[in-house]
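Working through the structure, step by step
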Amino acid sequence: MMYGQSNSDEYFSHKHASVTGALTSSETYQLQFAYHYMFGKYFGIGGSIGWWKNWSEDGKASGSNWVIDNDDNKPGNFFLRPSAILKSPAIDIREIALSLYAEPGVMCNIPYQRVCIDKITGLIVTDYEYISTNKGQWLAVDIHLGVNADIGPCGFSIGYMMSNLDIYSQHRHLSYNGVDFSRFYPKHNFMQGAYLTLSYNF
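Below you will find a few notes about this structure. Note that the structure is predicted; figures quoted are calculated from it, not measured.

Further remarks concern the pairing of strand 3 (residues 43-54). With 11 bridges joining them, strand 2 (residues 28-38) and strand 3 adopt antiparallel strand pairing. In the strand pairing of strand 3, threonine 28 is matched with asparagine 54. In textbook terms, the turn of a hairpin is the stretch between consecutive antiparallel strands, and for strand 2 and strand 3 this stretch comprises four residues.

Time to look at the pattern of salt bridges. Pairing is possible between side chains that carry opposite charge, provided their charged atoms lie close to one another. Considering all chains together, one arrives at five salt bridges under this definition. Among the ionic pairs, glutamate 129 bridges to lysine 119, the shortest N-O distance being 3.2 Å. Linking glutamate 129 in strand 10 (residues 124-133) with lysine 119 in strand 9 (residues 113-121), this pair joins segments that are 10 residues apart in sequence. Exposure remark for glutamate 129: the relative accessible area of 30% places this residue in the partly exposed category. Since its relative accessible area comes to 26%, lysine 119 is described here as partly exposed. Between arginine 172 and aspartate 166 there is a salt bridge whose closest N-O contact spans 2.7 Å. For the residue pair arginine 172 and aspartate 166, the accessibility class agrees, reading buried in each case. Overlapping salt bridges bring together Arg81, Glu103 and Asp142 as one network.

On to the environment of aspartate 71. Among the secondary structure elements, aspartate 71 is positioned in the loop between strand 5 (66-68) and strand 6 (76-87). Sequence spacing of aspartate 71 and glutamate 129 is 58 residues, and the spatial spacing of their C-alpha atoms is 14 Å.

It is worth spelling out the sheet that holds strand 9 at this point. The sheet built from four strands is open, its strands ordered 4-5-9-10 with antiparallel pairing. Only two strands of the sheet have a single neighbouring strand rather than two, namely strand 4 (62-63) and strand 10. Of the strand pairs in this sheet, strand 5 and strand 9 are connected by three bridges, and their pairing is antiparallel. By the bridge assignment, valine 67 is partnered in strand 9 with aspartate 118.

The next subject is the layout of surface pockets. If you add up the space inside the largest pocket, you get close to 200 Å³. Along its surface, the largest pocket is lined by 16 residues, and Ser26, Asp58, Tyr168, Pro186 and Asn189 are the ones closest to its centre. In the lining of the largest pocket, the residues fall into five nonpolar, six polar and five charged.

Parameters at a glance
Residues numbered from 1 in each chain as written. Predicted model: local features only at pLDDT ≥ 70, side-chain atom pairs only at ≥ 80, totals over all residues. Heavy atoms only, no water. Pairing = 2+ DSSP bridges. Helix = DSSP H or I, 4+ residues; strand = E, 2+ residues; numbered from the N terminus. Salt bridge = Lys/Arg side-chain N within 4 Å of Asp/Glu carboxyl O. Buried < 20%, exposed > 50% of the residue type's maximum accessible area, 1.4 Å probe, protein only. 1 Å grid on protein atoms, 1.4 Å probe; cavity = no way out; pocket = protein on both sides within 12 Å on 5 of 7 lines; lining within 4 Å. Points joined across faces, edges and corners; volume = space filled by probe spheres on them. Nonpolar A, V, L, I, M, F, W, Y, C, P; charged D, E, K, R; others polar.

Put into structure tokens, the structure is as follows:
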């Protein structure tokens, strides 16, 4: 490193790739792979592709001789997420460049949900049927706020995330045999969580 040159200056690159995982208060996990073009050390624009999934049941649609399939009762979706990266000027501590980090984005989910209905006689599933909807929320605004550490071309960011994503929105628009699914699932609560991003500048 040249005299007067910071760690962030030496390893700066316009190409920024990352992978992010998150756990949320809606009992979901998220995984996304991203690429951003950095116009400078402090600002970049790009996007990611990813998947979110609920891991815990909070309600279950059912009726006379039918019930939603266990796997489909836990919503999930693929998404595209255009986003921007905002970073503060770095503070160098030995080989580590520390900065504040923000990544606002828009999560664009697939606007379609299909679930399997198990038809039951006694305790035995004797048949099944699929139902679907293209209604419900498919667009959500979110943001990641945290601390970023760069060590050479590699880096990581860890912190807090929040989103207005309603994971049961599409399920509430389903119905079967005149039974509206909205009564089985909880109302929307604002999503919060924690995220970890691993990145590489190349």
